[in-house]
Structures are given as structure tokens and as C-alpha cells.
Amino acid sequence: MKTFKFLMPFMLAVLALASCNTDDLRNDIDELKNRVESLEAQVASINENMNALRVLIDGNKTISSYTYDETTGTYKLTLSDGSEITLTQGKTGSVNYPSIGIDENGNWTVNGESLGQPAVGQNGATPEFRIEEGTNYWQVKFGAGEWQYVVNSNGDKVQATTETINNGDQFFKSVEVKDGYLVVVLNDENSQTLKMPIVDGLTCEIITEGVSGFDGNVLFVAAGATVKLNVNISGDNSIVTAPNGWIATLSEPVDGKAELSLTAPVSASASTFTRATADNTKDVVVQANKGINWAVDKIQVEIGDGEQGDDGDADEVTSYYEKYNNGETFEIAGVQINNQLYPDAIYVEGNVDLTSDNTIYFVKPGQDIKLNYVSTSSNLGNTIIIGDNSSQKSSFVINGQYIKLKEVDAENKSLFLCYNVEITANQANYSMINYGHMKKVIFDKCVFKLNPTQPFYSNGSSKPEQIDRYIDEFVISNSVLDFAGCTKSFFVADGLAYPQFGIILKNNIFYSSGEDYITRLFSLKLSTASFTMENNTFYKVTSATNAYFFSAKLSSVIAKNNIFYSEKFTANNLILKASTSDSKFDFTGVACQVENNVGVKGEFASGSETKTSIWQVFYGGSKPDGCTEITNLKVGESPFDVVDVQSLTFKPKAEYSGYGATIK
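Each residue is numbered by its place in its chain's sequence as written, counting from 1. Where totals are concerned, whole chains, interfaces and linings use all residues; where local detail is concerned, this predicted model gives features only for residues with pLDDT of at least 70, and gives and counts side-chain atom pairs only at 80 or more. Heavy atoms from the whole structure form the basis of all side-chain values; hydrogens and water molecules are not counted.

K.L.:
If you had to explain the overall build of the chain to someone new, which residues and values would you point to?
P.N.:
Assigned secondary structure in the chain consists of two helices and 55 strands. Burial classification: accessible surface area is computed with a 1.4 Å probe over protein chains only, and a residue below 20% of its type maximum counts as buried, one above 50% as exposed, and the rest as partly exposed. Going through the 664 residues of the chain one by one, you find that 50% of them count as buried. The contact criterion used throughout is that any non-hydrogen atoms of two residues lie within 4.5 Å. Of the contacts formed within the chain by residues at least 6 apart in sequence, a portion of 72% connects residues at least 24 apart. Exposure was quantified through the Shrake-Rupley algorithm and a 1.4 Å probe, taking into account, for residues, occlusion by the shown protein chains and nothing else. Working note: accessible area of the chain is about 30,300 Å², and carbon and sulfur atoms make up 45% of it. Every helix listed is a DSSP run of H or I at least four residues long, and every strand listed is a run of E at least two residues long, numbered separately from the N terminus.

The following block contains the structure:
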């Protein structure tokens, strides 16, 4: 019994000791498990943060809403396209995060060392991190590439956990919401700052997935051919710009989606880039704004191998009316058309009255047709006039009173579109006037035969207060306007104070088959206007000091790849002039892209003196940032290699390839 009594305390002591060792072992295992789980969480967090950085750098989305978790330091961001991302600053702890940055060449850096991979631009890549099992070394890779070790400035591998922690697991130096922006300061030696606006309903994203000719870096398009890409876009307004000789148009967004149409120059010499060239002059840029905030995306383009196109028509259409009746959807001038969107249509073979809203008029070619607009008719909204055969221009005469444009109802802006038609304006009065909210007024692939004594569009009223009337975009594209014999000095004249009147002229020939014609194309003396003119040829249609465009204020101006030629000179020729007392615009907040325009100097008599006329963008030589003055050739020089007015051939010299219009 004594022996037994002796053994019991001993066994209890052994069991107690064993229990203590087991608890320690369990604690060690739990601690190791928690540490591994923590490291896995940190890896997931850094990769989520890299995805968030990718969005911040791209700049084509905005933040619609966000929530913030103070405990974890995590922002949950809802983006303008509806997707969600998380961004975590983290707190000082026991993990050595790599310091991420971007060098002066736009490449990613880790711990101050360049990885040689672009962070910005169309080719920007997103790094992925992991911790190597068994060593705890950080590793990084791009896409399908191989994992490589993260090193410090001495070239030594960097562990995720060490005995001494310097920077801890704070991935960003700071993250905060300030003045309507999410502001992120990177934890690198330069403390680089990235910002993203917090604004609902603003996005811009060009979709390249599955697009033929896109090699992941550059979109290659055959000379003269047209390609179309989808764009996720939302905002108040949108702008698209393209390189020398290229024509880019963006359709009206529907449910946040639009179509970007890109037409390459017909001459491959207009593109002088190679695949190795990293030049932003290859960029097609799409921008959308909401208030002062902008979302921007871009894609690089080059002329590649393939069949040459024909003014953007991939296939000839024998009858649009037949396609319409077959239930097909087709696009004209960026506008989607089918019998669901526009259920009312008329096939025009003879004279017809324009009396109905929401109607498409398919005009048969080869007919002498009068489109009658009678004074008893209601104002027209959502009216489309289409030349039925794409290879033949249909013709019509605007007859009777001028066409009155107006929105369909108080809630909806309207569209007025003329396509593939020859328009004769011979009535005693002007041809068109606006009485409401117009989304777009479009003339695409049209020929204008103008009334020599009347402007095409006019409103003689003059009210200095802003009125409830808009024209978001007045577009003329791929068209020909002959001003021979014209004596009226305006093409469009409106005396009302529009808060927005957008003018877009792309790939047109403005010419006079007779004497030089001096005109103010758009006179909007009380309005705020935006002007875009790209790849237009002006032949013997000049502005003198009247200026082509005349308005009270400017919101934006784009003028690229235009040719200005005249043979008669009376003074300097201007593109834009303000209706203010000093004839100069206030350029505060005005976006300006003016480049690659060429004109010709000329001589004129001023009293007993002979003076030299030049082409200028703005009156008095004033200009905002982003504006390059027009190249003025010497007196007697010409930018053209071949001119044949009868066939409308205005071929520029080789050094100006890509300038002017390309219309067949």
C-alpha cells in the first residue's frame, strides 16, 4: 500500500507534465496555423490592393459609392461599371510588405527596384505576389510569366516575416477620402499619390476582347477600312480623338454602352509607326465627363495589312428599307436603327409631307422628290431621312417652310439625321430652325446644294438670357458643301443664348467651284459652344476676320488635320473668334487640342500697302494650353499635289498625308 501511495503522486506529476507539454504543443500549432492563415490573408490583401491600384492607374472608372471598416482599415469600393474592389491600408504588424511604386518611365518598382514592366498605358500589367512556401520569401510575376524573387536594394531576397520589422504590414502610406476623391499615397520612397473621383454615373472603357486585329498592344486596321469596338461609357458628354488621318466616331450611348467606329486613312503613308514605337500620337482617346470629373480610356492604332475600305462602308447595301422590314438592326452615323426602335417608316418614291415624329423616310434614288414641310405641321422630333441605296445618293428638295426641330416630349431630346442624300435648299427662307432639346442633328455622307442668299440654319431671335433649348451635337461628316455663288455670310446663325451648342465637323469638303467665298460658318453670338473639326478640306472657302466659328463662350475646341486653302485674301483668316467686346475668349477651364493644321499665306491690298494674310486659330493670336498654331505655307505655295474640282479630288502632298478629307 505504501508503494501504491508513492506511485500515485509520481504518476500524477508525470501526467501533469505531459499535459503541460501537450498544451504548449497545441498552442505552438495554433500559433503557427494562425501565422500561416495571417500570411495567406496578407497575400490575398496585397493582390487585392494591386487590382485596386490597376483601376486607380487606368483612370477609366470612378467610384460610385464606398464603405470603410475602421477595424481592418479596408475600403470597399463600388465602381461606376457596377464592379466592386477592396483596398486595405492595413495596420503596423509583423509582415514585411514590399514597397510598391512607379518610376519615371511608367514601370512598376518594388522596394525601389524597377521590374521593367509597364504600370501605365494600354500595355499596363498588374503584378501578382505570393510567399514562397518553406522560405517565406516574397515572389512576384506578371500574367503567365515565371515567379521571380522580390529583392531589396542590395539584391537580397526579401522575407515576409523577420525578427525585426521596419515598415510592418502597412501597404499604403495613407488612404483617405478628401474633397470628393479617394486619395492613396504609396509606401515608396517618392510617396507617389493616386486619386480617383467619387462620382456616380461616370465611366469610360474601350472593350478590346475578341477584336480582330488587336494583338494585345496595338489595333491594326487595313488602309481605308473601318472597325468597330464596344465602349462602356456614361456621363454628361463624351469626346473621341484620333491620330493623323484617322476618323473616329462614337455612337450615342444606350444603357451605358456605345460603339466606337474607327476608319484608317486610305493611304498607308499616313501611318509612319512601327510595332516597336511607343508614341502617343497613335492613340485613339475616348473621354467622358460628369461636371469637372473625366474618365478616359485609349487604344493605340496602326495601319496593317488587309483589303482597302470605302469611306467606312464594310458592305454595300442595296436597300436599307429592305433590311429594316426584315427586322435587321443596322448602324448609320453611330445611330442604331431597327423597326423596334423606330416602328414608323415611309418609303419615299415621290413628293411627301414631313408631318410625323419618330419616323424614318427611306428615299428611293434617281427620283426628283420634294420633302414638304408645311406651316400647319407640328415640329419634328426623331426624324431620320436615309438614301435607300448606299452606293447611290438619293436627292430631295426642302420645299415649303423651313423644317422645325423639337424634342419629342419635355423629357426626351430628339434626333434629326440625314444620311446618303443630296439636299437642295432652294426655298425663299432658311432651311432649318430649332425649338427644343436636340440630342443630335446629323448630316452624314450628304451633298449640300445651298441657297445662295439664305443660311441653311437660322434663328433671327435674340435673347441674352439662357433658354430651355439645346443642341448637344450638330454633326456634319463625310459630306460635301459647295458654296459657289453664295452671298449670305452664314451657314448656321442663331441669336439665342444656348447653354450648350456642340459643333462637330469631320472628313468634309467645304469648297467653292466658283470664286472664293468668305463665310462665318457658325454664328452663335450668345451661346456657349464646343467645336470639333478634324480632317476637313477648305478649298476657296475662307473666313477672313469673321472667323469660321463665333460664340460668346467656349467649353472645348479640337482642330486637327485640316487643310485651309484660298486664292483671294482680304485679311487674316481666323478659325474662332469671341463675340465679346475684345473678341477674345476666356480660356479658363477650356479643353483644347489643336495640332497638325496647314494653311496658305496670301497678299492683299490695304490702302497703298500690300499686306500678308495668315491663318490663325484664335483672334489676336491668343490661345490656351494644348493649342498649336496653324502651319502657314509661303505665298503662292499649295498643300495639294493634285486638285480636280470637278471630281472633288484634293490630294495633299506627301508631307501632309493624313491631312484633309478622304471622300470617294
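K.L.:
So, the sheet that holds strand β14 (residues 218-222): which residues are in play, and what are the values?
P.N.:
Across the sheet, which stays open at both edges, the four strands sit in the order β14-β20-β19-β16 with mixed pairing between neighbours. Both edges of this open sheet fall to β14 and β16 (237-241), since each of them pairs with a single strand only. Neighbour-to-neighbour, the strand axes of this sheet turn through a mean angle of 25°, independent of strand direction. Pairing between two strands requires that DSSP report at least two bridges joining them. Pairing geometry for β16 and strand β19 (residues 283-290), over five bridges, is antiparallel. The residue of β19 that forms the bridge with Val240 is Val286. All axes are obtained by fitting lines to C-alpha atoms, using only the stretch in contact for helices, and the reported angles, taken between N-to-C directions, cover 0 to 180 degrees.

K.L.:
Describe in detail the confidence of the model for the chain, supporting the description with residues and values.
P.N.:
Scored by pLDDT, the chain has a mean of 78; 81% of the residues are at 70 or more. The pLDDT score gives, residue by residue, the confidence of the prediction method on a 0 to 100 scale. The least confident element of the chain, judged by mean pLDDT, is helix α1 (residues 2-58) at 52; the most confident is strand β46 (residues 563-565) at 95. Across residues 24-37 the pLDDT falls below 50, and counting only partners more than four positions away or on other chains, this stretch makes one contact in the model. Per-residue pLDDT stays below 50 along residues 306-314; that stretch engages in 26 contacts with residues further than four places along the chain or on separate chains.

K.L.:
Lay out the sheet that holds strand β18 (residues 257-263) with the relevant residues and their values.
P.N.:
Taken in spatial order, the four strands make up an open sheet running β13-β15-β18-β17, and their pairing is antiparallel. Taken across any chain shown, the strands that pair with only one partner, and hence form the sheet edges, are β13 (203-206) and β17 (247-250). Strand-to-strand, the axes of this sheet are offset by a mean angle of 25°, without reference to chain direction.

K.L.:
Got a sec to walk through the pattern of salt bridges? Specific residues and values, please.
P.N.:
Whenever a carboxyl oxygen of Asp or Glu lies within 4 Å of a side-chain nitrogen of Lys or Arg, that contact is scored as a salt bridge. For the structure shown, the criterion picks out 11 salt bridges. As a salt-bridge pair, Lys506 and Glu534 come within 3.9 Å of each other at their nearest N and O atoms. In this pair, Lys506 sits in strand β39 (residues 501-506) while Glu534 sits in strand β42 (residues 520-534), placing the two residues 28 residues apart along the sequence. Here Lys506 and Glu534 have matching classes, each one buried. In this structure, a network of salt bridges that share partners links the residues Glu252, Lys440 and Glu473.

K.L.:
Explain unusual backbone geometry to me, using residue names and the numbers behind them.
P.N.:
Phi angles above zero are rare outside glycine, and Asn478 is one such case at about 55°. Residue position: Asn478 is located in the loop between β36 (470-477) and β37 (480-482). Among the residues examined, Asn478 registers a relative accessible area of 19% and is labelled buried.

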